[in-house]
Amino acid sequence: MKHTLLKIFGILIMVVMMVSSCGGAKESLSISDDEKKAFTQKVGDTINIADTKTEYEIIIIEPGFNFWLNSIAKPEGYYSQSYLENRNNVYVIEWNQRVMQPQVYDPDLYELQIDYSPNIDYGYEVNYKLYNYFIYFQRKYNQRLGPFIPRI
């Protein structure tokens, strides 16, 4: 009898631990009609992210991103540079890990590594546009590059 009670108690503890370790339902993103319009564009946009003072440059070729950046994203100045740098650092680390695992993550989505160092000041514009590309990418392709929900 005592042995049976211990077994049942052990099973109960395991069930409680399994249930508590399961994450809650992921929050679904609300996508506006304008954002859907940006996501469905077929003509390629080429965005050149550059800072003339620091001489750093990123080129993004993504249909709809320029439209999204100009019509949906928060305006320049909304975020501080340190906020953008912190988020970009998290996103770049996860992005680069996914590039290195093409058997796990779609290599058509994660093609090239991003060379981004938290010790370099890339300037506000580079950080702003890179951050917004990460938000755009996550929302368009239903990806999560970190613990943050990609909100606008």
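Quantities reported herein were computed from a predicted structural model and do not represent experimental measurements.

Conventions used here
- Residues numbered from 1 in each chain as written.
- Predicted model: local features only at pLDDT ≥ 70, side-chain atom pairs only at ≥ 80, totals over all residues.
- Heavy atoms only, no water.
- Helix = DSSP H or I, 4+ residues; strand = E, 2+ residues; numbered from the N terminus.
- Expected span 1.5 Å × (residues − 1).
- Buried < 20%, exposed > 50% of the residue type's maximum accessible area, 1.4 Å probe, protein only.
- Polar contact = N/O pair within 3.5 Å; in protein donor to acceptor, adjacent residues only side chain to side chain.
- Contact = heavy atoms within 4.5 Å.
- Axes fitted to C-alpha atoms, helices over the stretch in contact; angles between N-to-C directions.
- Parallel < 35°, antiparallel > 145°, perpendicular 65-115°, else oblique.
- Left-handed = near helix turned anticlockwise from the far one by under 90°.
- Nonpolar A, V, L, I, M, F, W, Y, C, P; charged D, E, K, R; others polar.

**A short note on helix 5 (residues 124-141)**
1) Next: Over its 18 residues, helix 5 extends 26 Å from the first C-alpha to the last, a length consistent with the 26 Å expected when each residue adds 1.5 Å.
2) Next: Across the 18 residues of helix 5, 14 count as buried, placing the element largely inside the fold.
3) Next: Backbone geometry just downstream of helix 5 places Asn142 in the positive-phi region, at approximately 55°.

**Topic: the side chain of Asn127**
1) Next: Checked against the element boundaries, Asn127 lands in helix 5.
2) Next: Side chain to side chain, Asn127 and Tyr116 meet in a polar contact 2.5 Å long.
3) Next: Excluding anything up to four places from it in sequence, Asn127 contacts Gln81, Leu84, Glu85, Asn88, Tyr116 and Tyr122.

**Observations regarding the packing of helix 4 (residues 81-99) against helix 5**
1) Next: It is the contact of helix 4 with helix 5, at a shortest axis distance of 9 Å, that shows an interaxial angle of 50°. As judged from the angle between their axes, helix 4 and helix 5 are oblique. Along this stretch, helix 4 crosses helix 5, giving a crossing that reads as left-handed. Residues Gln81, Tyr83, Leu84, Glu85, Arg87, Asn88, Tyr91, Val92 and Trp95 of helix 4 lie in contact with helix 5, whose contacting residues are Tyr124, Asn127, Tyr128, Leu130, Tyr131, Tyr133, Phe134, Ile135, Phe137 and Gln138.
2) Next: Grouping the amino acids of the contact of helix 4 with helix 5 by side-chain chemistry returns 13 nonpolar, 4 polar and 2 charged.

**Topic: the side chain of Asn88**
1) Next: Here Asn88 lies in helix 4.
2) Next: Taking relative accessible area as the criterion, Asn88 reaches 0% and is therefore assigned buried.
3) Next: Within the structure, Asn88 has its side chain in polar contact with the backbone nitrogen of Tyr131 (distance 3.2 Å).
4) Next: Sequence-distant contacts of Asn88, defined by excluding residues within four places in its chain, comprise Tyr116, Asn127, Leu130, Tyr131 and Phe134.

**What about helix 4?**
1) Next: Between its first and last C-alpha, helix 4 extends 26 Å over 19 residues, near the 27 Å set by a 1.5 Å rise per residue.
2) Next: Turning to helix 4, its buried residues are Leu84, Arg87, Asn88, Tyr91, Val92, Glu94, Trp95, Asn96, Arg98 and Val99.
3) Next: Residues of helix 4 that are buried make contact with helix 5.

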